Amino acid sequence: MLFHPSSESVGLLQTFAPLFSGRVWPYAQELLLGAILAPGKRTVSSILRVLGLSTVIQFQNYHRVLNRAQWSARVGARLLFDELVLAFGQSGPLVFGLDETIERRWGRRIAARGIYRDAARSSKAVTNKTSGLRWLSVQLLAQVPWAQRIWGLPFLSVLAPSSGYYKKRGRQPKKLIDRAKQVILQVKRWAPHRTLIFLADSSYAALELLAWCQRLMVTLIAPMRMDANLFDPAPKPVKGKAGRPRLKGRAQPKLSARLKSAKTKWQRLWVDWYGKGKRKVEVATGIAIWYHSGKVPVPIRWVLVRDPLGEFESRALLSTNLKLSAREIVELYTRRWQVEVTFEETRAHLGFETQRQWNDQAIQRATPVLLGLFSLVTLMAHRLQQRAPGSLRPRGAAWYPKNKISFSDALGYVRAHIWKEGFCMSAQKGDSQKLSKGWLDHLADLLCYAQ
(Lines give C-alpha, C1' and ligand atoms only; values in the text may rest on other atoms or scores of the structure.)
Protein backbone atom coordinates (compact mmCIF):
# COMPACT_ATOMS: atom_id res chain seq x y z
CA MET A 1 0.00 0.00 0.00
CA LEU A 2 1.50 3.31 -1.06
CA PHE A 3 1.58 6.66 0.74
CA HIS A 4 -1.66 8.58 0.60
CA PRO A 5 -1.26 12.12 -0.77
CA SER A 6 -2.68 13.64 2.43
CA SER A 7 -0.17 11.84 4.66
CA GLU A 8 1.02 14.18 7.41
CA SER A 9 4.27 12.27 7.87
CA VAL A 10 5.31 12.73 4.24
CA GLY A 11 3.71 16.14 3.68
CA LEU A 12 6.09 17.74 6.18
CA LEU A 13 9.09 16.68 4.09
CA GLN A 14 7.74 18.73 1.20
CA THR A 15 8.64 21.84 3.23
CA PHE A 16 12.30 21.20 2.37
CA ALA A 17 11.80 20.55 -1.35
CA PRO A 18 12.79 24.16 -2.34
CA LEU A 19 16.29 23.48 -0.96
CA PHE A 20 17.13 21.07 -3.74
CA SER A 21 17.03 20.89 -7.50
CA GLY A 22 14.53 18.62 -9.19
CA ARG A 23 17.19 15.99 -9.80
CA VAL A 24 18.54 15.95 -6.25
CA TRP A 25 15.27 16.16 -4.28
CA PRO A 26 14.15 12.50 -4.83
CA TYR A 27 17.48 11.27 -3.45
CA ALA A 28 17.36 13.72 -0.53
CA GLN A 29 13.85 12.72 0.56
CA GLU A 30 14.75 9.04 0.40
CA LEU A 31 17.76 9.71 2.63
CA LEU A 32 15.54 11.56 5.12
CA LEU A 33 12.96 8.78 5.25
CA GLY A 34 15.66 6.14 5.47
CA ALA A 35 17.38 7.98 8.33
CA ILE A 36 14.11 7.84 10.27
CA LEU A 37 13.48 4.16 9.53
CA ALA A 38 17.02 2.81 9.86
CA PRO A 39 18.04 1.23 13.16
CA GLY A 40 21.60 1.49 14.41
CA LYS A 41 24.10 3.31 12.21
CA ARG A 42 23.02 6.22 10.00
CA THR A 43 25.46 5.63 7.20
CA VAL A 44 24.24 6.04 3.62
CA SER A 45 24.67 2.30 3.07
CA SER A 46 22.48 1.39 6.06
CA ILE A 47 19.81 3.82 4.83
CA LEU A 48 19.84 2.25 1.37
CA ARG A 49 19.50 -1.21 2.88
CA VAL A 50 16.46 -0.33 4.97
CA LEU A 51 14.80 1.12 1.86
CA GLY A 52 15.52 -2.02 -0.14
CA LEU A 53 18.00 -0.21 -2.40
CA SER A 54 21.08 -2.32 -1.72
CA THR A 55 21.16 -3.43 -5.36
CA VAL A 56 20.96 0.07 -6.88
CA ILE A 57 23.96 0.49 -9.18
CA GLN A 58 24.02 4.32 -9.05
CA PHE A 59 24.39 4.43 -5.25
CA GLN A 60 26.87 7.30 -5.52
CA ASN A 61 23.97 9.64 -6.28
CA TYR A 62 22.90 9.35 -2.65
CA HIS A 63 26.38 10.20 -1.38
CA ARG A 64 26.47 13.23 -3.68
CA VAL A 65 23.49 14.74 -1.86
CA LEU A 66 25.87 15.34 1.04
CA ASN A 67 29.27 15.83 -0.54
CA ARG A 68 28.56 17.59 -3.84
CA ALA A 69 24.98 18.78 -4.44
CA GLN A 70 24.25 22.51 -4.20
CA TRP A 71 21.97 23.23 -1.24
CA SER A 72 22.16 25.36 1.89
CA ALA A 73 21.99 23.80 5.35
CA ARG A 74 21.40 27.29 6.78
CA VAL A 75 18.28 27.78 4.65
CA GLY A 76 17.12 24.33 5.75
CA ALA A 77 17.60 25.40 9.38
CA ARG A 78 15.43 28.46 8.69
CA LEU A 79 12.63 26.30 7.26
CA LEU A 80 12.81 23.95 10.24
CA PHE A 81 12.82 26.90 12.67
CA ASP A 82 9.68 28.36 11.10
CA GLU A 83 7.90 25.00 11.39
CA LEU A 84 8.89 24.65 15.06
CA VAL A 85 7.72 28.16 15.94
CA LEU A 86 4.43 27.57 14.13
CA ALA A 87 3.84 24.32 16.02
CA PHE A 88 5.19 25.09 19.51
CA GLY A 89 5.99 28.81 19.86
CA GLN A 90 3.26 31.01 18.48
CA SER A 91 2.91 33.05 21.68
CA GLY A 92 5.14 34.29 24.46
CA PRO A 93 8.93 34.62 24.44
CA LEU A 94 11.01 32.13 22.48
CA VAL A 95 13.44 30.30 24.79
CA PHE A 96 16.56 28.67 23.35
CA GLY A 97 19.25 26.41 24.70
CA LEU A 98 22.77 27.20 23.48
CA ASP A 99 25.40 24.53 24.03
CA GLU A 100 28.11 22.53 22.31
CA THR A 101 28.56 18.77 22.05
CA ILE A 102 31.45 16.61 20.93
CA GLU A 103 30.90 14.17 18.08
CA ARG A 104 33.49 11.47 18.78
CA ARG A 105 35.31 10.83 15.49
CA TRP A 106 38.73 9.53 14.51
CA GLY A 107 40.59 9.71 11.21
CA ARG A 108 43.38 11.78 9.70
CA ARG A 109 41.20 12.87 6.79
CA ILE A 110 38.79 14.76 9.07
CA ALA A 111 40.26 18.24 8.84
CA ALA A 112 38.29 19.90 11.67
CA ARG A 113 38.93 17.11 14.18
CA GLY A 114 40.43 18.14 17.52
CA ILE A 115 41.07 16.87 21.03
CA TYR A 116 38.46 18.06 23.52
CA ARG A 117 37.36 17.41 27.06
CA ASP A 118 34.68 14.72 27.04
CA ALA A 119 32.03 16.18 29.35
CA ALA A 120 29.98 12.96 29.40
CA ARG A 121 32.94 10.93 30.67
CA SER A 122 34.60 13.51 32.91
CA SER A 123 33.99 14.67 36.46
CA LYS A 124 35.43 17.27 38.81
CA ALA A 125 38.11 14.79 39.88
CA VAL A 126 38.87 13.16 36.52
CA THR A 127 39.16 14.75 33.08
CA ASN A 128 38.88 12.52 30.01
CA LYS A 129 39.66 13.79 26.54
CA THR A 130 38.47 12.50 23.20
CA SER A 131 39.06 13.02 19.50
CA GLY A 132 36.16 14.47 17.59
CA LEU A 133 34.27 17.40 16.17
CA ARG A 134 32.77 20.19 18.28
CA TRP A 135 29.29 21.38 17.32
CA LEU A 136 27.50 24.45 18.61
CA SER A 137 23.77 23.73 18.66
CA VAL A 138 20.77 26.01 19.15
CA GLN A 139 17.58 24.33 20.37
CA LEU A 140 14.11 25.70 20.83
CA LEU A 141 13.02 24.85 24.39
CA ALA A 142 9.27 24.52 24.01
CA GLN A 143 6.38 22.76 25.70
CA VAL A 144 5.33 19.74 23.66
CA PRO A 145 1.66 19.33 24.63
CA TRP A 146 1.30 15.58 24.10
CA ALA A 147 4.59 14.90 25.91
CA GLN A 148 3.51 17.09 28.87
CA ARG A 149 6.98 18.52 29.22
CA ILE A 150 9.56 20.81 27.62
CA TRP A 151 11.74 19.34 24.88
CA GLY A 152 14.92 20.70 23.34
CA LEU A 153 14.32 20.89 19.57
CA PRO A 154 17.53 21.47 17.54
CA PHE A 155 17.28 23.49 14.35
CA LEU A 156 20.66 25.19 13.86
CA SER A 157 24.04 23.51 14.42
CA VAL A 158 27.42 24.86 13.33
CA LEU A 159 30.88 23.34 13.39
CA ALA A 160 33.24 25.02 15.88
CA PRO A 161 36.78 23.74 15.19
CA SER A 162 39.59 24.13 17.70
CA SER A 163 42.25 26.83 17.47
CA GLY A 164 44.69 24.27 16.02
CA TYR A 165 42.50 23.96 12.93
CA TYR A 166 42.95 27.67 12.16
CA LYS A 167 46.66 27.78 13.01
CA LYS A 168 47.39 25.06 10.45
CA ARG A 169 45.76 27.27 7.83
CA GLY A 170 47.45 30.48 8.92
CA ARG A 171 44.19 32.05 10.07
CA GLN A 172 43.15 33.84 13.24
CA PRO A 173 41.25 31.37 15.47
CA LYS A 174 37.55 31.99 15.86
CA LYS A 175 36.56 31.73 19.51
CA LEU A 176 33.47 29.92 20.75
CA ILE A 177 32.09 33.28 21.88
CA ASP A 178 32.33 34.55 18.30
CA ARG A 179 30.41 31.50 17.07
CA ALA A 180 27.77 32.15 19.71
CA LYS A 181 27.38 35.73 18.47
CA GLN A 182 26.84 34.47 14.93
CA VAL A 183 24.10 31.99 15.80
CA ILE A 184 22.33 34.40 18.17
CA LEU A 185 22.35 37.10 15.51
CA GLN A 186 21.02 34.61 12.95
CA VAL A 187 18.10 33.64 15.18
CA LYS A 188 17.42 37.32 15.88
CA ARG A 189 17.16 37.97 12.13
CA TRP A 190 14.77 35.05 11.72
CA ALA A 191 12.50 36.30 14.53
CA PRO A 192 13.09 40.07 14.71
CA HIS A 193 9.84 40.92 16.49
CA ARG A 194 9.85 38.20 19.13
CA THR A 195 11.29 38.27 22.66
CA LEU A 196 14.31 35.95 22.63
CA ILE A 197 15.86 34.30 25.69
CA PHE A 198 19.04 32.21 25.43
CA LEU A 199 20.16 29.78 28.13
CA ALA A 200 23.83 28.79 28.20
CA ASP A 201 26.44 27.33 30.51
CA SER A 202 29.24 29.17 32.28
CA SER A 203 31.47 29.11 29.16
CA TYR A 204 29.27 31.85 27.70
CA ALA A 205 29.21 34.09 30.78
CA ALA A 206 31.78 36.41 29.21
CA LEU A 207 31.47 40.18 29.54
CA GLU A 208 32.01 40.62 25.81
CA LEU A 209 29.05 38.37 24.95
CA LEU A 210 26.82 39.77 27.71
CA ALA A 211 27.32 43.35 26.53
CA TRP A 212 26.72 42.30 22.92
CA CYS A 213 23.43 40.57 23.84
CA GLN A 214 22.21 43.69 25.62
CA ARG A 215 22.92 45.81 22.57
CA LEU A 216 21.08 43.27 20.41
CA MET A 217 18.06 43.34 22.80
CA VAL A 218 18.15 39.62 23.56
CA THR A 219 18.33 38.01 27.01
CA LEU A 220 21.13 35.67 28.07
CA ILE A 221 20.89 33.63 31.26
CA ALA A 222 23.94 31.69 32.44
CA PRO A 223 25.82 30.66 35.60
CA MET A 224 28.35 33.18 36.84
CA ARG A 225 31.49 33.20 38.97
CA MET A 226 31.17 33.52 42.70
CA ASP A 227 34.22 35.82 42.77
CA ALA A 228 33.02 38.22 40.07
CA ASN A 229 33.77 41.90 40.62
CA LEU A 230 30.37 43.51 41.20
CA PHE A 231 29.74 47.22 41.76
CA ASP A 232 26.90 49.65 42.27
CA PRO A 233 25.78 51.62 39.20
CA ALA A 234 28.01 54.54 38.36
CA PRO A 235 26.92 57.87 39.89
CA LYS A 236 25.65 60.53 37.57
CA PRO A 237 28.44 62.79 36.25
CA VAL A 238 28.81 66.13 37.98
CA LYS A 239 28.35 69.03 35.62
CA GLY A 240 31.55 70.98 35.13
CA LYS A 241 33.78 68.34 36.77
CA ALA A 242 36.85 67.44 34.74
CA GLY A 243 37.68 63.89 33.79
CA ARG A 244 35.88 61.07 32.05
CA PRO A 245 32.60 59.74 33.49
CA ARG A 246 32.87 56.93 36.02
CA LEU A 247 32.06 53.42 34.80
CA LYS A 248 31.15 51.94 38.18
CA GLY A 249 30.14 52.87 41.67
CA ARG A 250 30.97 51.44 45.07
CA ALA A 251 32.14 47.83 45.21
CA GLN A 252 29.59 45.23 46.30
CA PRO A 253 30.41 42.11 48.32
CA LYS A 254 31.47 39.02 46.39
CA LEU A 255 28.70 36.49 45.84
CA SER A 256 30.74 33.92 47.76
CA ALA A 257 30.70 36.32 50.74
CA ARG A 258 26.94 36.94 50.37
CA LEU A 259 26.39 33.19 50.42
CA LYS A 260 28.00 32.93 53.86
CA SER A 261 26.82 36.26 55.30
CA ALA A 262 24.07 36.29 57.92
CA LYS A 263 22.92 39.66 56.54
CA THR A 264 21.89 38.21 53.18
CA LYS A 265 18.11 38.24 52.77
CA TRP A 266 16.87 34.89 51.47
CA GLN A 267 13.48 34.23 49.97
CA ARG A 268 11.93 30.77 49.86
CA LEU A 269 10.29 29.79 46.58
CA TRP A 270 8.69 26.73 45.06
CA VAL A 271 10.07 26.56 41.52
CA ASP A 272 9.88 24.14 38.59
CA TRP A 273 13.04 22.08 38.95
CA TYR A 274 14.53 20.32 35.92
CA GLY A 275 11.22 18.84 34.83
CA LYS A 276 10.73 17.00 38.14
CA GLY A 277 7.95 19.14 39.53
CA LYS A 278 8.12 21.82 42.20
CA ARG A 279 11.04 22.11 44.59
CA LYS A 280 11.69 24.45 47.49
CA VAL A 281 14.79 26.62 47.12
CA GLU A 282 16.15 29.76 48.76
CA VAL A 283 17.17 32.66 46.55
CA ALA A 284 18.79 36.05 46.97
CA THR A 285 18.96 38.55 44.15
CA GLY A 286 20.11 42.02 43.23
CA ILE A 287 21.31 44.29 40.45
CA ALA A 288 24.97 45.13 39.92
CA ILE A 289 27.54 46.25 37.40
CA TRP A 290 29.91 43.42 36.47
CA TYR A 291 33.24 45.10 35.74
CA HIS A 292 36.67 43.89 34.69
CA SER A 293 39.58 46.08 33.71
CA GLY A 294 39.74 46.54 29.95
CA LYS A 295 36.22 45.19 29.41
CA VAL A 296 32.89 46.90 28.88
CA PRO A 297 30.98 47.06 32.20
CA VAL A 298 27.70 45.17 32.04
CA PRO A 299 24.62 45.68 34.23
CA ILE A 300 23.19 42.32 35.30
CA ARG A 301 20.69 40.80 37.70
CA TRP A 302 22.39 38.15 39.81
CA VAL A 303 20.62 35.35 41.65
CA LEU A 304 22.05 33.15 44.38
CA VAL A 305 20.33 29.76 44.70
CA ARG A 306 20.78 27.38 47.61
CA ASP A 307 19.02 24.25 48.80
CA PRO A 308 17.58 24.40 52.34
CA LEU A 309 18.02 20.61 52.50
CA GLY A 310 21.63 20.80 51.35
CA GLU A 311 21.19 18.22 48.57
CA PHE A 312 22.70 20.30 45.75
CA GLU A 313 25.56 22.76 45.62
CA SER A 314 24.74 26.45 45.82
CA ARG A 315 25.14 28.34 42.57
CA ALA A 316 24.92 31.82 41.08
CA LEU A 317 23.03 32.79 37.94
CA LEU A 318 22.95 35.99 35.92
CA SER A 319 20.53 37.58 33.51
CA THR A 320 21.17 40.42 31.09
CA ASN A 321 17.49 41.34 31.45
CA LEU A 322 17.24 43.25 34.72
CA LYS A 323 13.42 43.07 34.75
CA LEU A 324 13.23 39.30 35.19
CA SER A 325 12.46 38.10 38.71
CA ALA A 326 14.54 35.56 40.60
CA ARG A 327 11.81 32.94 40.13
CA GLU A 328 11.72 33.49 36.37
CA ILE A 329 15.50 33.26 36.05
CA VAL A 330 15.73 30.02 38.03
CA GLU A 331 12.80 28.35 36.27
CA LEU A 332 14.06 29.40 32.86
CA TYR A 333 17.57 28.16 33.51
CA THR A 334 16.46 24.72 34.66
CA ARG A 335 15.03 24.18 31.16
CA ARG A 336 18.60 24.05 29.84
CA TRP A 337 18.96 20.46 30.99
CA GLN A 338 16.71 19.43 28.08
CA VAL A 339 19.57 20.32 25.72
CA GLU A 340 21.67 17.54 27.27
CA VAL A 341 18.69 15.18 27.11
CA THR A 342 18.33 15.85 23.37
CA PHE A 343 22.01 15.17 22.74
CA GLU A 344 21.69 11.82 24.51
CA GLU A 345 18.47 10.94 22.66
CA THR A 346 20.09 11.59 19.28
CA ARG A 347 22.96 9.31 20.23
CA ALA A 348 20.65 6.56 21.45
CA HIS A 349 17.94 6.64 18.77
CA LEU A 350 19.17 8.59 15.71
CA GLY A 351 22.69 7.23 15.27
CA PHE A 352 24.55 10.41 16.17
CA GLU A 353 28.32 9.67 15.93
CA THR A 354 27.74 6.65 13.63
CA GLN A 355 27.94 8.53 10.30
CA ARG A 356 31.17 7.92 8.38
CA GLN A 357 31.65 10.79 5.94
CA TRP A 358 35.21 12.00 5.33
CA ASN A 359 34.47 14.79 2.86
CA ASP A 360 34.51 18.22 4.54
CA GLN A 361 31.22 19.35 3.02
CA ALA A 362 29.49 16.05 3.83
CA ILE A 363 30.65 16.31 7.46
CA GLN A 364 29.32 19.86 7.78
CA ARG A 365 25.92 18.71 6.48
CA ALA A 366 25.36 15.23 7.93
CA THR A 367 25.58 16.06 11.64
CA PRO A 368 23.27 19.13 11.58
CA VAL A 369 20.75 17.06 9.60
CA LEU A 370 20.87 14.25 12.18
CA LEU A 371 20.35 16.73 15.03
CA GLY A 372 17.55 18.41 13.08
CA LEU A 373 15.99 14.98 12.53
CA PHE A 374 15.07 15.00 16.23
CA SER A 375 12.90 18.06 15.62
CA LEU A 376 11.58 16.72 12.32
CA VAL A 377 10.37 13.50 13.97
CA THR A 378 8.76 15.56 16.75
CA LEU A 379 6.92 17.67 14.17
CA MET A 380 5.74 14.55 12.33
CA ALA A 381 4.44 13.04 15.56
CA HIS A 382 2.75 16.34 16.40
CA ARG A 383 0.88 16.43 13.08
CA LEU A 384 -0.16 12.79 13.37
CA GLN A 385 -1.30 13.37 16.94
CA GLN A 386 -3.41 16.34 15.85
CA ARG A 387 -5.02 14.22 13.17
CA ALA A 388 -5.78 11.39 15.63
CA PRO A 389 -5.72 12.77 19.21
CA GLY A 390 -4.73 10.22 21.81
CA SER A 391 -3.21 7.79 19.32
CA LEU A 392 0.32 8.44 20.59
CA ARG A 393 0.80 6.73 23.96
CA PRO A 394 3.83 5.88 26.10
CA ARG A 395 5.16 2.40 25.46
CA GLY A 396 5.98 0.91 28.82
CA ALA A 397 6.28 -2.59 30.26
CA ALA A 398 5.36 -4.47 33.41
CA TRP A 399 8.81 -3.72 34.80
CA TYR A 400 8.98 -0.20 33.37
CA PRO A 401 5.74 1.75 33.74
CA LYS A 402 5.65 5.08 31.88
CA ASN A 403 3.15 7.88 32.23
CA LYS A 404 4.76 10.38 29.86
CA ILE A 405 5.66 10.12 26.20
CA SER A 406 9.38 10.05 25.41
CA PHE A 407 11.21 10.62 22.14
CA SER A 408 11.56 6.88 21.59
CA ASP A 409 7.74 6.64 21.72
CA ALA A 410 7.40 9.45 19.16
CA LEU A 411 10.01 7.85 16.87
CA GLY A 412 8.28 4.46 17.02
CA TYR A 413 4.94 6.15 16.38
CA VAL A 414 6.23 7.93 13.25
CA ARG A 415 7.96 4.80 12.00
CA ALA A 416 4.79 2.76 12.42
CA HIS A 417 2.81 5.26 10.32
CA ILE A 418 5.46 5.36 7.61
CA TRP A 419 5.56 1.56 7.37
CA LYS A 420 1.78 1.33 7.49
CA GLU A 421 1.35 3.85 4.68
CA GLY A 422 4.21 2.76 2.47
CA PHE A 423 4.95 -0.88 3.26
CA CYS A 424 2.97 -3.87 2.02
CA MET A 425 2.75 -7.16 3.91
CA SER A 426 2.01 -10.25 1.80
CA ALA A 427 -0.83 -12.50 2.92
CA GLN A 428 0.75 -15.47 1.16
CA LYS A 429 4.27 -15.16 2.51
CA GLY A 430 5.51 -14.93 6.04
CA ASP A 431 8.38 -12.61 5.17
CA SER A 432 8.00 -8.88 4.79
CA GLN A 433 8.27 -7.36 1.33
CA LYS A 434 11.19 -5.01 0.69
CA LEU A 435 10.50 -1.54 -0.61
CA SER A 436 10.95 -1.53 -4.37
CA LYS A 437 12.51 1.18 -6.54
CA GLY A 438 9.11 1.56 -8.23
CA TRP A 439 7.54 2.38 -4.86
CA LEU A 440 10.11 5.11 -4.26
CA ASP A 441 9.57 6.56 -7.75
CA HIS A 442 5.84 6.63 -7.14
CA LEU A 443 6.45 8.25 -3.73
CA ALA A 444 8.29 11.10 -5.45
CA ASP A 445 5.19 11.77 -7.57
CA LEU A 446 2.87 11.65 -4.55
CA LEU A 447 5.03 14.07 -2.58
CA CYS A 448 4.34 16.75 -5.12
CA TYR A 449 0.70 16.76 -3.93
CA ALA A 450 1.30 16.29 -0.21
CA GLN A 451 0.42 19.15 2.05
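The written sequence of each chain sets the order in which its residues are numbered from 1. Local features in this predicted model are restricted to residues of pLDDT 70 or higher, and side-chain atom pairs are both shown and tallied only at a pLDDT of 80 or more, whereas totals for entire chains, interfaces and linings draw on every residue. Side-chain numbers come from the whole structure's heavy atoms, not from hydrogens or water.

(A) Structural view of the environment of Ala142. Take Ala142: it is sitting in strand β3 (residues 129–144). Look at Ala142 and you get buried, because its relative accessible area is 5%. For the pair formed by Ala142 and Leu94, sequence separation is 48 residues and the distance between their alpha carbons is 8.0 Å. In this view, Ala142 contacts Phe88, Arg149, Ile150 and Trp151; residues no more than four positions away in its chain are not counted. Under the DSSP-based scheme used, a helix requires at least four consecutive residues in state H or I and a strand at least two consecutive residues in state E, with every element numbered from the N terminus. Partly exposed describes any residue whose relative accessible area lies between the buried limit of under 20% and the exposed limit of over 50%, with all areas from a 1.4 Å probe on protein chains only and scaled to the type maximum. Residue contacts are counted whenever heavy atoms from the two residues lie within 4.5 Å of one another.

(B) Highlighting the packing of aromatic side chains. Working definition: rings of Phe, Tyr and Trp (its six-membered ring) pair if their centres are within 6.5 Å, and the pair is stacked with planes under 30 degrees apart, edge-to-face with planes over 60 apart, and tilted otherwise. As enumerated under the stated definition, the model contains 17 aromatic pairs in all. On the basis of an interplanar angle of 50° and a centroid distance of 6.4 Å, the ring pair of Phe155 and Trp190 is categorised as tilted. Here Trp190 lies in helix α7 (residues 176–190) and Phe155 lies in strand β4 (residues 149–159), a separation of 35 residues in the sequence. For Trp190, a relative accessible area of 8% corresponds to the buried category. On the numbers, 6.1 Å between centres and 85° between planes, the contact of Phe231 with Tyr291 is edge-to-face. Of the two residues, Phe231 is situated in strand β7 (residues 230–231) and Tyr291 in the loop between β9 (278–290) and β10 (298–306); the sequence distance between them amounts to 60 residues. Side by side, Phe231 and Tyr291 carry an identical accessibility label, which is buried. Taken together through their ring pairs, the aromatic side chains of Phe81, Phe96, Phe155, Trp190 and Phe198 make up a single cluster. Sitting over the face of the ring of Trp358, Arg105 holds its NZ or CZ atom 5.3 Å from the ring centroid. In this analysis the charged atom, NZ for Lys or CZ for Arg, is taken to sit over a ring once it is within 6 Å of the ring centre and within 35 degrees of the ring normal. Seen from the ring of Phe231, Lys248 lies directly overhead, with NZ or CZ sitting 4.5 Å from the centre.

(C) Seen up close, a positive patch on the surface. Within the patch definition used here, like charges are joined within 9 Å and nonpolar side chains (Val, Leu, Ile, Met, Phe, Trp, Tyr) within 5 Å, considering only residues with over 30% relative accessible area and no salt bridge. The accessible surface values rely on the Shrake-Rupley method and a 1.4 Å probe; as for residues, cover is taken only from the protein chains in view. Note on definitions: salt bridges are taken to be side-chain nitrogens of Lys or Arg within 4 Å of carboxyl oxygens of Asp or Glu. Under the counting rule used here, the positive set is Lys and Arg, the negative set is Asp and Glu, and His together with the chain ends is not counted. Throughout, a charge is located at the NZ atom of Lys, the CZ atom of Arg, the CG atom of Asp or the CD atom of Glu. On the surface, Arg108, Arg113, Lys168, Arg169, Arg171 and Lys174 cluster together into a positively charged patch. Tracing the chain through its elements places Arg113 in the loop between β1 (94–104) and β2 (114–117). Classification of Arg113 by relative accessible area gives partly exposed; the value is 30%.

(D) Focus on the side chain of Thr101. Relative to the helices and strands, Thr101 is located in strand β1. Sequence-distant contacts of Thr101, that is, excluding residues within four places in its chain, are made with Leu133, Arg134, Trp135, Phe343, Arg347 and Phe352.

(E) Here's a closer look at the pattern of salt bridges. In this structure the tally under the stated criterion is 20 salt bridges. The partner of Asp272 in a salt bridge is Lys278, and the shortest N-O contact between them spans 3.2 Å. Taking the shortest distance from any N to any O, the salt bridge between Arg347 and Glu353 comes out at 3.2 Å. The class of Glu353 is buried, set by a relative accessible area of 15%. Where salt bridges share partners, they join Arg104, Asp118, Arg347 and Glu353 into one cluster.

(F) Molecular detail of the nonpolar core. In plain words, nonpolar cores are sets of buried Ala, Val, Leu, Ile, Met, Phe, Trp, Tyr and Cys residues tied together by side-chain atoms within 4.5 Å. Membership of the largest hydrophobic core comes to 104 residues, with the highest contact counts inside it found for Phe96, Phe155, Ile184 and Met224. A per-element tally of this core places helix α12 (residues 360–387) first, with 11 residues. Excluding its chain neighbours within four sequence positions, the residues that come into contact with Ile184 are Leu98, Phe198, Leu209, Trp212, Cys213, Leu216 and Val218. One finds Ile221, Leu317, Leu332 and Val339 within the second-largest nonpolar core, a separate group that totals 25 residues.

(G) Quick look at α7. Expected span of a helix, by definition, is 1.5 Å for each gap between consecutive residues, and there is one gap fewer than residues. Between the first and last C-alpha of α7 there are 21 Å, a value that for 15 residues agrees with the 21 Å anticipated at 1.5 Å per step. The buried count for α7 comes to 11 of 15 residues, which makes it a mostly enclosed element. Residues of α7 that are buried include every one of Leu176, Ile177, Arg179, Ala180, Lys181, Val183, Ile184, Gln186, Val187, Lys188 and Trp190, and no others.

(H) Inspection of the side chain of Thr346 at higher detail. Along the chain, Thr346 turns up in helix α11 (residues 337–349). Its relative accessible area of 1% is what places Thr346 among the buried residues. Think of a polar contact as two N or O atoms within 3.5 Å of one another; within protein, one of them needs to be a possible hydrogen donor and the other a possible acceptor, and neighboring residues in sequence only count if both atoms come from side chains. At a separation of 2.7 Å, a polar atom in the side chain of Thr346 contacts the main-chain carbonyl oxygen of Phe343. With residues near it in sequence (within four places) discarded, Thr346 still touches Gly351, Phe352, Leu371 and Phe374.

(I) Fine view of the packing of helix α4 (residues 60–67) against α12. Interhelical geometry of α4 versus α12 gives an angle of 85° and a closest axis separation of 7 Å. Between α4 and α12, the crossing angle belongs to the class labelled roughly perpendicular. Seen from α4, the contacting residues are Val65, Leu66 and Asn67; seen from α12, they are Gln361, Ala362, Arg365 and Ala366. Ten residue types, Ala, Val, Leu, Ile, Met, Phe, Trp, Tyr, Cys and Pro, are classed as nonpolar, four, Asp, Glu, Lys and Arg, as charged, and the remainder, Gly among them, as polar. The residue makeup of the contact of α4 with α12, split by class, is 4 nonpolar, 2 polar and 1 charged. Here, axes are lines fitted to C-alpha atoms. For helices the fit covers the stretch in contact, and angles between N-to-C directions go from 0 to 180 degrees. An angle below 35 degrees is treated as roughly parallel, one above 145 as roughly antiparallel, one from 65 to 115 as roughly perpendicular, and anything else as oblique.

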